[in-house]
Amino acid sequence: MRRALPLLVLLTALGVGTALAGSDSYLGSFTFPADAAYAGSASCVECHEDAAAFYAGSPHAVDLGLAVPGTAVSGCEACHGPGSLHVTGGGDGFILGAADLGALDEDGKVAMCTQCHATTGDHWTGGPHQGSGVGCADCHADQAHFGGTALPAREFRNPAEFCLQCHTDQVADFRLPSRHRALEGQVVCGDCHDAHGGFAELDWNGQNSVCLRCHAELAGPFVFEHDGTTGEDCTSCHRPHGSSHDKLLVQDGNTLCLQCHFEAGFSGDGGWTLGGTAHDGILANEARCYDCHIDVHGSNVSPTFRNQ
Ligand code: HEC
Ligand code: HEC
Ligand code: HEC
Ligand code: HEC
Ligand code: HEC
Ligand code: HEC
Ligand code: HEC
Ligand code: HEC
Ligand code: HEC
Ligand code: HEC
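Here goes a summary of the coordinates provided.

## Remarks on the coordination of the iron atom of ligand 5
- Around the iron atom of ligand 5, the donor atoms from the protein are His129 (NE2) and His167 (NE2), and they sit 2.0 Å away.
- Taken together, the six donor atoms coordinating the iron atom of ligand 5 and their angles of 87 to 178 degrees define a geometry best described as octahedral. Within this pair, whereas His129 is found in the loop between helix H8 (118-124) and helix H9 (136-139), its partner His167 is found in the loop between helix H10 (159-164) and strand S1 (178-179), the two being separated by 38 residues in sequence.

Okay, structure coming up:
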C-alpha cells in the first residue's frame, strides 16, 4: 500500500512547488526545515490512499491538481507543508501532522481553508461565527478529511435543520403558532443570516432591509406614515423566528401600542380617550388597537390607518 516515490526527484529537479508561501499566509506561520520542498499531492496519495479516496468526486479531488492560488503549493501540502523529506523518508521525515494542526486555534483553522477560499475569508470577519469556536470544517465535514463536529448540510431534509442541529435553543421558536416557516422550507435561515458572515445587512443590527426584501409592500413611502413604525426596528414589534402571539408580535393586544400611546386621559374614570377620541365604547369587547387601526405600517387612504 505504501511505497517510496522516485517521482520526487523529478519534481524537485524541475523546481516544481519549491516556492514557500508568504509569511502572512497560513503556511507562513510555521517553521520548516531548510531543505524541505514541495513534492506535489500525487506523491502523497501513493501512500495515503484513504485521504485521496475521501476527496474523490469532490472539488478537492487530488486529480484536479488543486493548488493555493498564485502558488504551486499542492492541495495536500497547502495544509501539511512541504513534504519532500517525509516522502523520501518513507513517512518518517518532516510533515505538519495531527499534533501541529490539531493545536491550531480557530483563526488558524479558518486560515487553512481561506488560503484558497479568499472571498469566503473576507466575509468571515465580523460574521456570526467568527469567535464562536466554529471553523469551516465544522460545517463542511463532507469537504475536509479530518472531520467536523456537525453533520454536513446534505444529511438534512432542509437547510434549517442543518443550522438547528447546533442552534437547538431556536428550535422551539420555529414551532410556535405564528412563525416563519423555516422547518417547512418556506424560508431558510440564510434569508436573514449568512453563516459566512460579511454583508452588513446579514450581520443583523436592527436594519429593516432584510425584512423588506420580502415584505416590500410595507416599505412605503405612504401618504400617511405612522411614526410608530417608520424609524423603528421591525423587531421592536415582531419576533423574527416565531411567537405565541399572532403575526409574530412581541406582545399581544393593546400594550404593544399603549407603550407609546398611553395618555393621562386613558384611564377607567376619565374615560378612555386617545388623541381626543373617546375609546370607551369601542374598546369594550376586548378589541385590539390594530383590529381597527389596521394598516399600522402606514396607509395611503386613512390618516388614522383605519383603511376607510
Ligand atoms: C512512502 C509513503 C509515504 C508518502 C509518499 C507520504 N507519506 Fe505521509 N505518512 C507515511 C507514513 C508511513 C506515515 C506514518 C504512519 C501513519 O500515520 O499513517 C505518514 C504519516 C503522515 C501524516 C500524519 C503525521 C502525524 O504525525 O500525524 C501526514 C499528515 C502525512 N503523512 C501527510 C503526507 C503528505 C501531505 C504527503 C505528500 C507530500 C505524504 N504524507 C506522503 C507514508 C507516506
Ligand atoms: C484543508 C487542509 C488539509 C488538506 C487540504 C489536507 N489535509 Fe490532511 N489533515 C488536515 C488536518 C487538519 C488533519 C488532522 C489534524 C487533527 O487530527 O486535528 C489532517 C490529517 C491528516 C493525516 C493524519 C490523520 C489520518 O487521517 O490518517 C494524514 C495522513 C493526512 N492528513 C494526509 C493528507 C493528504 C494525503 C492530503 C491530500 C490528499 C491531505 N491530508 C489534505 C488538513 C488537511
Ligand atoms: C488548495 C486549495 C483549497 C483548500 C486548502 C481548500 N479548498 Fe475548498 N475548494 C477549493 C476549490 C478550487 C473548490 C472549487 C471551487 C469553489 O467552490 O470555490 C473548492 C470547493 C469547496 C466547497 C464547495 C463544495 C461543493 O460541493 O461545491 C466547499 C464547501 C469547500 N471547498 C470547503 C473547504 C473547506 C472547509 C476547506 C478547509 C478545511 C477548504 N475548502 C480548503 C480549493 C481549496
Ligand atoms: C455555520 C456553518 C458554516 C460555516 C462555519 C462555514 N460554512 Fe461554508 N457553507 C455553509 C452552508 C450552509 C453553505 C451552503 C451550501 C451547502 O448546502 O453546503 C456553505 C457553502 C460554502 C461553499 C460553497 C460556495 C458558496 O459560497 O456557496 C464554500 C466554498 C464554503 N461554504 C466555504 C467555507 C469556508 C472556507 C468556511 C470558513 C471560512 C466556511 N465555509 C464556513 C455553512 C457554513
Ligand atoms: C457546528 C455548530 C453550528 C452550526 C452547524 C451552525 N452554527 Fe451558528 N453558531 C454556532 C455557535 C457555537 C455560535 C456562537 C454561540 C451562540 O451564539 O450560539 C453560533 C452563532 C450564530 C449566530 C449569532 C448568534 C448571536 O447570538 O449573535 C447566528 C445568527 C448563527 N449562528 C446562525 C447560524 C445559521 C444561519 C446556521 C446555518 C447556516 C448556523 N448558525 C449553523 C454553532 C453553529
Ligand atoms: C426572517 C428572518 C430570520 C430568519 C428566517 C431566521 N432568523 Fe435568526 N434572527 C433574525 C433576527 C432579526 C435576529 C435578531 C433578533 C434580535 O436581535 O431581536 C435573529 C437571531 C438569531 C440568533 C441569535 C439568538 C437569538 O435568538 O436572538 C440565532 C442563533 C439565530 N437567529 C439563528 C437562526 C437559525 C438557525 C435560523 C433558521 C432555522 C434563523 N435564525 C432564521 C432573523 C431571522
Ligand atoms: C425570505 C423572505 C422573507 C424574509 C426575509 C422575511 N419574511 Fe416575513 N414572511 C415571509 C413569508 C413567506 C411569510 C408567510 C406569509 C404568508 O403566509 O402569507 C412571512 C410572514 C411574516 C409575518 C406574518 C406572520 C403571521 O403569523 O402571519 C410577519 C409579521 C413577518 N413575516 C415579519 C418579518 C420580519 C420582521 C422580517 C425581518 C426580520 C421578515 N418577516 C423577513 C417571508 C419573509
Ligand atoms: C414607538 C412608539 C409607537 C408605537 C409602538 C405605536 N405608535 Fe402609533 N404613533 C406614534 C407616533 C409618534 C405617532 C404620531 C402622532 C403622535 O404624535 O401621536 C403615532 C400615530 C398613531 C395614530 C394616529 C395618527 C395621528 O397622526 O394621530 C394611530 C391611530 C396610531 N398611531 C395607532 C397605533 C397603533 C394601533 C399601534 C400599535 C400597533 C401604535 N400606534 C404603536 C408612535 C407609536
Ligand atoms: C409598532 C409596531 C410595529 C412595527 C414597528 C412593525 N410592525 Fe409589522 N405589524 C404590527 C402589527 C400590530 C401587525 C398586525 C396587524 C394585524 O393583525 O392586522 C403587524 C403585521 C405585520 C405583517 C403581517 C401582514 C400584515 O400586513 O398584516 C408583516 C409581514 C409585518 N407586520 C412586517 C413588518 C416589517 C417588515 C416591519 C419593519 C419594516 C414591521 N412589520 C414593523 C406592528 C408593527
Ligand atoms: C373599535 C375600533 C377601535 C379600536 C379597537 C381602537 N380605536 Fe383608536 N380610533 C378609532 C376611531 C373610530 C377613532 C377616531 C378617528 C377615526 O375616525 O379614525 C380613533 C382614534 C384614535 C386616535 C386618534 C387619531 C387622531 O384622530 O389623531 C389614536 C391615537 C388612537 N385611536 C389610538 C388607538 C389605540 C392606541 C388603540 C388601542 C388601545 C385604539 N386606538 C383602539 C377606533 C378604534
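## Description of the site of ligand 2
- Neighbouring ligand 2 are 14 residues; Gly75, Cys76, Cys79, His80 and His145 lie closest to it.
- At 2.8 Å, a side-chain N or O of His80 approaches a nitrogen atom of ligand 2.
- One nitrogen or oxygen atom from the side chain of His145 is found 2.6 Å from a nitrogen atom belonging to ligand 2.
- Taken together, the elements giving at least two residues each to the shell around ligand 2 come down to helix H4 (75-80) and helix H6 (98-102).
- Among the elements that line the shell around ligand 2, the one with the most residues is H4, at four residues.
- Partitioning the shell around ligand 2 into residue classes produces nine nonpolar, five polar and no charged.

## Quick word on the side chain of Asp194
- Secondary-structure assignment places Asp194 in the loop between S1 and helix H11 (209-212).
- Although Asp194 is buried, it makes no salt bridge; Arg213 carries the closest opposite charge, 9.7 Å away.
- Among the polar contacts listed, one links the side chain of Asp194 to the backbone nitrogen of His196, at a separation of 2.9 Å.

## Some thoughts on the nonpolar core
- The biggest cluster of nonpolar side chains holds 13 residues, and the ones touching the most others in it are Tyr26, Leu27 and Phe30.
- With near-sequence residues (within four places) excluded, Phe30 lies in contact with Leu96, Leu101 and Leu104.
- Counting six residues, the second-largest nonpolar core is a separate cluster that includes Ala160, Leu164, Val171 and Ala182.

## Let's talk about helix H7 (residues 106-114)
- When we look at burial in H7, the residues that qualify are Glu106, Gly108, Val110, Met112 and Thr114.
- Lining the buried residues of H7 we find H4, H8 and H9.

## A few points about the packing of aromatic side chains
- Taken as a whole and judged by the stated rule, the model has four aromatic pairs.
- With a centroid separation of 5.5 Å and 75 degrees between ring planes, the pair formed by Tyr26 and Phe30 is classed as edge-to-face.
- The buried category is assigned to Tyr26, whose relative accessible area is 5%.
- What makes Phe30 buried here is its relative accessible area of 18%.
- Judged by centre distance (5.7 Å) and plane angle (70 degrees), the rings of Phe32 and Phe94 are edge-to-face. Here Phe32, found in the loop between helix H1 (7-14) and helix H2 (41-47), pairs with Phe94, found in the loop between helix H5 (84-88) and H6; they are 62 residues apart in sequence, far enough to count as distant.
- Assessed through its relative accessible area of 17%, Phe32 is described here as buried.
- Judged by relative accessible area, Phe94 falls into the partly exposed class, the value being 22%.

Cut-off values and rules
- Residues numbered from 1 in each chain as written.
- Chains lettered and ligands numbered in written order.
- Predicted model: local features only at pLDDT ≥ 70, side-chain atom pairs only at ≥ 80, totals over all residues.
- Heavy atoms only, no water.
- Donors = N, O, S within 2.8 Å, 3.2 Å for Na, K, Ca; no water.
- Tetrahedral: all angles 85-135°; square planar, octahedral: opposite > 155°, others 65-115°.
- Helix = DSSP H or I, 4+ residues; strand = E, 2+ residues; numbered from the N terminus.
- Near = heavy atom within 4 Å.
- Polar contact = N/O pair within 3.5 Å; in protein donor to acceptor, adjacent residues only side chain to side chain.
- Nonpolar A, V, L, I, M, F, W, Y, C, P; charged D, E, K, R; others polar.
- Buried < 20%, exposed > 50% of the residue type's maximum accessible area, 1.4 Å probe, protein only.
- Lys, Arg positive; Asp, Glu negative; His and termini not counted.
- Salt bridge = Lys/Arg side-chain N within 4 Å of Asp/Glu carboxyl O.
- Core = buried A, V, L, I, M, F, W, Y, C linked by side-chain atoms within 4.5 Å.
- Contact = heavy atoms within 4.5 Å.
- Phe/Tyr/Trp six-rings, centres within 6.5 Å; stacked < 30°, edge-to-face > 60°.

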